[in-house]
Amino acid sequence: MIKIEKLIHDYIQRDDEGNAAGTFRAIDGVDLDVRPGQFIAVLGHNGSGKSTLAKHLNALLFPTEGTVWVDGMDTKDEKNLWEVRREAGMVFQNPDNQIIAQVVEEDVGFGPENIGVPTEEIWQRVEESLKAVGMWAHRKKSPNRLSGGQKQRVSIAGVIAMQPKCIVLDEPTAMLDPNGRKEVIKAAMQLNRTKGITIILITHYMEEAINADKIFVMDRGKIAMQGTPREIFSQVERMRELQLDVPQVTLLAYELRKKGLDIPVSILTKEELADALLGQLPEEDGETAGEHDAAVQSEEKEAPHGTQG
Amino acid sequence: MGLKVEDISFLYERGTAMQVTALDHVSAEIPDNQFIGLIGHTGSGKSTFVQTLNGLLKVTSGHIYYNGEDIDGDKFDKKKLRSDVGLVFQYPEHQLFEVDVISDVMFGPRNLGLSDAEAKKRALEALESVRMPKSLYKSSPFDLSGGQKRRAAIAGVLAMRPKILILDEPTAGLDPKGRDEILGLIAGMKRELNMTIILVSHSMDDVARYVDRIMVMGGGKLLYDDEPVKVFRHVTELEELGLAAPQITYIMKLLKERGLDVSSDALTVEEAAAEIMAHRRELHV
């Protein structure tokens, strides 16, 4: 789907008169291969080159050296420009900068209309796209009446309406509340699973990356690490060196290991942590453990009623 | 003494068809020297609330007292309130504009009518408080990194020497290390300068780790106002409000459900690790 070879990107720095005063290398020799249908997460500290990389994927920037292919098309080739941008749609951080129309459904229809899709098909695409992100019920609303998460989902619908094979999301949840964050990530994962759209998610929230097929970690314009979430997040020290973090549950497992517990290094979910901890309770000491369980369970029965009522 | 908020309401577009109740009979006390977290989903009224606290918005009904004086009273000095209650907006670095960092930070104190010498003194103090490297004082604010820009912008408000500092999502868009740096900095400033901090945040993990008290807003009302452990016991209600509990709370809840007799009150990784270890010692594992 996406193939990058020896990509280098230099930004030109200019002095007050606008003359080139020097260059800053934001991407420094990146090779990357994304297969169709993959869910990819890109992590890296501020200034590590993530967003510059993202802009190469839909031809907002062009390589200083090296080559980027999107679905086999070289992004440098001018005749591919519009096709590349349609194939690799992009969603940015600020929901308020991406919505232009007064009504949700018109906003989603704007892209297809712009490329001359027949009216009837536009409406079909609008319906499909809004349904895919769970925003169909809000189609007649004014975007400024929506929450941040809803606005981002409308932005995603606008991208889907262009029928891309790939969507690049550049910190789509940075400005959202917890619910909004959940909604957006869920929408992205669903598109990946049900429509097979390749997703490239750039994020500062480590928990959002745990379901990715593969994670790329960037540092100083290079790919510093790559692997499955389990491979990446088991390296707590290394991630900290790169000014990043690991999910809280992974960190908790790591701390418990340091305190001497025999827990796998690569815990990614709370369920895995529970399994690991429960697996270690002394089985031969059945009586105490048994009594103990019974006591907890009877307490448990009351608790749910208390919180829900 | 601090701020006392008494039954305030605020309506946008009052008397029109567009009327929205952004604050609905809110009462609270904001004492000196406290670290408060303010949480609520987008549109819950928290931004409106903090803007009434320094007089940027005038309440529709109710009263706000600062050190015992009604801030809407005739004789009240609003200018003083605005320097005493500092407000750092979201993405404050977008408001940097001066030729160099130090001039930018001096802008506020100068605007208060202070002499250049006094403004400079305060700016230097503020820049030190945000740990800005001295070598950058004369740089253009636009040449700084994202985290440095944000610290410069916070220094601009600090130079007004606020007694209460309100920060609206100061970590939005920062990487994990940048987040830790800014929050550590804010906690340090609170200790050194004995300020009251109100941290508006969407990150329950951050709030859980740093604050003494949490205020939860929803639909313009103040729904919870208590210490973090107590507030985060209302996981279900928080979720209904579009919020959440810290990740650690969910982990501990699950461990408890699966039969480990641990308290689900732990809010941070350190607390959780200590709780699990204590539990194991009890079982003599």
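Predicted, not measured: the structure shown is a model, and the values here were computed from it. (Residues numbered from 1 in each chain as written. Chains lettered and ligands numbered in written order. Predicted model: local features only at pLDDT ≥ 70, side-chain atom pairs only at ≥ 80, totals over all residues. Heavy atoms only, no water.)

Considerations on the overall build of chain B
Looking only at helices and strands, chain B features 11 helices and 10 strands. Radius of gyration (C-alpha) of chain B: 21 Å, near the 19 Å computed for a compact globule of 285 residues. The C-alpha extent of chain B, read off along each of the three principal axes, is 65 × 55 × 35 Å. Each of the 285 residues in chain B was classed as buried or not, and the buried ones make up 56%. Contacts spanning at least 24 positions in sequence make up 63% of the contacts within chain B whose residues lie at least 6 apart. Of the accessible surface of chain B, which amounts to about 12,100 Å², a share of 49% is contributed by carbon and sulfur atoms. Each charge sign in chain B was given a centre, from 35 positive and 43 negative side chains, and these centres are 4 Å apart. (Helix = DSSP H or I, 4+ residues; strand = E, 2+ residues; numbered from the N terminus. Rg over C-alpha atoms; globule rule 2.2 N^0.38 Å. Buried < 20%, exposed > 50% of the residue type's maximum accessible area, 1.4 Å probe, protein only. Contact = heavy atoms within 4.5 Å. Areas by Shrake-Rupley, 256 points an atom, 1.4 Å probe, with all protein chains shown as cover. Lys, Arg positive; Asp, Glu negative; His and termini not counted. Charge placed at Lys NZ, Arg CZ, Asp CG, Glu CD.)

Focus: the overall build of chain A
Scanning chain A from terminus to terminus reveals 11 helices and 10 strands. For chain A, the share of sequence-separated contacts (at least 6 apart) that also reach a separation of at least 24 residues comes to 61%. Roughly 14,800 Å² of accessible area belongs to chain A as shown, and the carbon and sulfur atoms make up 47% of that amount.

Examining the packing of helix α3 (residues 101–111) of chain B against helix α4 (residues 116–129) of chain B
Residue and element names in this part refer to chain B. Where α3 meets α4, the axes come as close as 8 Å, and the angle between the chain directions of the two elements is 120 degrees. Compared by their axis directions, α3 and α4 come out oblique. Relative to α4, the crossing made by α3 is right-handed. Side by side, α3 and α4 meet where V101, I102, V105, M106, P109 and R110 of the first sit next to D116, A119, K120, R122, A123, L124, A126 and L127 of the second. Among the residues making up the contact of α3 with α4, the classes are represented as 10 nonpolar, no polar and 4 charged. (Axes fitted to C-alpha atoms, helices over the stretch in contact; angles between N-to-C directions. Parallel < 35°, antiparallel > 145°, perpendicular 65-115°, else oblique. Left-handed = near helix turned anticlockwise from the far one by under 90°. Nonpolar A, V, L, I, M, F, W, Y, C, P; charged D, E, K, R; others polar.)

Concerning the nonpolar core
Across soluble globular proteins, nonpolar side chains show a tendency to be buried alongside one another. Within the largest apolar cluster, 74 residues are counted, with the highest numbers of intra-cluster contacts made by I167, F233, M239, L252, L256 and L273 of chain A. For I167 of chain A, the residues in contact, after removing those within four places along its chain, are G89, V91, I156, V159, I160, L191, I197, T198, I199 and I200 of chain A. (Core = buried A, V, L, I, M, F, W, Y, C linked by side-chain atoms within 4.5 Å.)

Section: the pattern of salt bridges
Residue and element names in this part refer to chain A. Here the structure, examined in full by the defined rule, presents 37 salt bridges over all chains. A salt bridge links R125 to E121; the shortest N-O distance between them is 3.0 Å. Taken together, the residues R125 and E121, both in helix α4 (residues 119–132) and 4 residues apart, mark about one turn of the helix. Classification of R125 as buried rests on a relative accessible area of 11%. One network of salt bridges, with partners in common, ties together D71, E83, R86, E87 and K165. (Salt bridge = Lys/Arg side-chain N within 4 Å of Asp/Glu carboxyl O.)

Thoughts on the environment of K138 of chain B
Residue and element names in this part refer to chain B. With respect to the secondary-structure elements, K138 resides in the loop between α4 and α5 (146–158). Residue classification places K138 among the exposed residues on the basis of a relative accessible area of 64%. Residues K138 and G113, spaced 25 residues apart in sequence, show a C-alpha to C-alpha distance of 23 Å. When residues no more than four places from it in sequence are discounted, the contact partners of K138 are D100 and I102.

Remarks on the interface of chain A and chain B
In many analyses, interface size is given as the accessible surface area lost on bringing the parts together. Counting residues at the interface gives 44 residues for chain A and 41 residues for chain B. Taking both partners together, chain A and chain B bury about 3,900 Å²; carbon and sulfur atoms supply 62% of that area. Taken together, the links from chain A to chain B amount to 1 salt bridge. The closest approach of N and O atoms between D275 of chain A and R258 of chain B, which form a salt bridge, is 2.4 Å. (Buried area = accessible area lost by both parts, 1.4 Å probe.)

Describing the packing of aromatic side chains
Residues and elements named next belong to chain B. Applying the stated criterion across every chain, the model contains 2 aromatic pairs over all chains. Centre to centre, the rings of F10 and Y12 are 4.8 Å apart; their planes meet at 75 degrees, and the pair counts as edge-to-face. Plain terms: the ring middles of F97 and F107 are 5.0 Å apart, the flat faces sit at 85 degrees to each other, and that makes the pair edge-to-face. Of the two residues, F97 sits in the loop between β6 (85–88) and α3 while F107 sits in helix α3, which places them 10 residues apart along the sequence. (Phe/Tyr/Trp six-rings, centres within 6.5 Å; stacked < 30°, edge-to-face > 60°.)

Some thoughts on the sheet that holds strand β9 (residues 213–218) of chain B
Residues and elements named next belong to chain B. Spatially, 6 strands are ordered β6-β7-β8-β3-β9-β10 in an open sheet, and the strand pairing comes out mixed. With partners counted over all chains shown, the strands left at the sheet margins are β6 and β10 (221–226), one partner each. Within this sheet the neighbouring strands show an average axis-to-axis angle of 15 degrees, counted without direction. Bridge analysis of β6 against strand β7 (residues 164–168) gives 4 bridges, and the strand direction is parallel. The residue of β7 that forms the bridge with L87 is I166. Along the sheet, α5 makes contact with β6 and β7, crossing β6 at roughly 160 degrees. (Pairing = 2+ DSSP bridges.)

Looking at the confidence of the model for chain A
Any residue range with low pLDDT should be treated as having predicted coordinates unsuitable for detailed reading. Taken over all residues, the pLDDT of chain A has a mean of 87, while the share at 70 or more is 90%. Between residues 284–309 of chain A, whose pLDDT stays under 50, and residues either more than four places distant or in other chains, the model counts 13 contacts. (pLDDT = per-residue confidence, 0-100.)

Here's the deal with α5 of chain B
All names here are of chain B. Look at α5: 19 Å from first C-alpha to last across 13 residues, which is about the 18 Å you get at 1.5 Å a residue. Of all the 13 residues making up α5, 10 are buried; the element is thus mostly covered by neighbouring parts of the structure. Taken together, the buried positions of α5 are Q148, R150, R151, A152, A153, I154, A155, G156, V157 and L158. Turning to α5, the residues buried within the fold contact β6, α3, α4, β7 and α6 (176–193). (Expected span 1.5 Å × (residues − 1).)

Quick word on the confidence of the model for chain B
Looking at chain B as a whole, its pLDDT mean stands at 92, while 99% of the residues score no less than 70. Across the whole predicted complex the pTM is 0.84, and at the interface the ipTM reaches 0.82.

Some words on the domain arrangement of chain B
Residues and elements named next belong to chain B. Each assigned domain of chain B is listed here: domain 1 (31–58 + 74–230) and domain 2 (246–285). On a C-alpha basis, the centres of domain 1 and domain 2 stand 34 Å from each other. The partner domain 2 presents 5 residues to the 6 residues of domain 1 that form the contact. In total, about 500 Å² of surface goes out of reach between domain 1 and domain 2, with carbon and sulfur atoms giving 66% of it. (Domains from an automatic or database assignment.)

Quick word on the packing of helix α10 (residues 247–257) of chain B against helix α11 (residues 269–283) of chain B
Residues and elements named next belong to chain B. For the pair α10 and α11, the least separation of the axes is 10 Å and the interaxial angle reads 20 degrees. Accordingly, the angle class assigned to the pair α10 and α11 is roughly parallel. Two packed elements cross with a definite hand, and for α10 against α11 that hand is right-handed. Between α10 and α11, the residues in contact are I248, M252 and L255 and V269, A272, E275 and I276, respectively. Looking at the contact of α10 with α11 residue by residue, the classes come out as 6 nonpolar, no polar and 1 charged.

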